[in-house]
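Chain by chain, the residues run as shown.
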Amino acid sequence: MNHRDPPGIIAPHIPADDYRRAEATGQPVVIVVHTTDQTGRPLRHYLFPIAIAGAGAMGLFGLVAAFLALLDVAAHTAMAIGGAAGPIGIGGITLRLARGKT
C-alpha cells in the first residue's frame, strides 16, 4: 500500500534520529526547500494561440483550394457544353453555342 501525504506537506519524511534529537534538545527542525521562480511565461501560453492560428490558416488554405477546384470544374463543364452545342470560331467570329441549327 502506498503512503500518500495530504497536500501542503513540504517534507513527507524526517529521519527518526533527527526528529528524536530535535525533540530531546528542543531544537527546531529546519527544512530547506530549493526553488527557483520562473522568469517569463511558460511555453504553453504561447503554443495554444499559435496552434489555433495554424489550424485557422490551414482551414483557409483548404477553403481556397476547394474554391479553385470548383472553378476548374465549372470551366471544364462550360467547355464541354460549348463544344457539344456548336463550333466557336475566332477568325470569322462564329459564336454558335446554344442556338438551334435551323
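Structure: above.
Definitions and limits used
- Residues numbered from 1 in each chain as written.
- Predicted model: local features only at pLDDT ≥ 70, side-chain atom pairs only at ≥ 80, totals over all residues.
- Heavy atoms only, no water.
- Helix = DSSP H or I, 4+ residues; strand = E, 2+ residues; numbered from the N terminus.
- Buried < 20%, exposed > 50% of the residue type's maximum accessible area, 1.4 Å probe, protein only.
- Areas by Shrake-Rupley, 256 points an atom, 1.4 Å probe, with all protein chains shown as cover.
- Patch = residues over 30% accessible without salt bridge, like charges linked within 9 Å, V, L, I, M, F, W, Y side chains within 5 Å.
- Salt bridge = Lys/Arg side-chain N within 4 Å of Asp/Glu carboxyl O.

Examining the overall build of the protein chain
Along the protein chain, the regular secondary structure elements total 2 helices and 0 strands. When each of the 102 residues of the protein chain is scored for burial, the buried share is 3%. Split by element, the accessible area of the protein chain, about 9,600 Å² in all, is 67% carbon and sulfur.

Here we look at helix α1 (residues 16-25)
Taken across its 10 residues, α1 has 1 buried, putting it largely on the surface. After α1 finishes, the residue G26 shows a positive phi value of roughly 80 degrees.

Examining a nonpolar patch on the surface
Side chains of L60, L63, V64, F67, L68, L70 and L71 sit close together on the surface and give an oily, nonpolar patch of about 710 Å² of accessible area. Take L68: it is sitting in helix α2 (residues 44-85).

Some thoughts on the pattern of salt bridges
Taken as a whole, this structure holds 1 salt bridge when the rule is applied. We note a salt bridge from R21 to D18, for which the minimum N-O separation is 2.8 Å. Of this pair, R21 and D18 both sit in helix α1, 3 residues apart, which is roughly one turn of that helix. Overall, D18 belongs to the partly exposed group, its relative accessible area being 29%.

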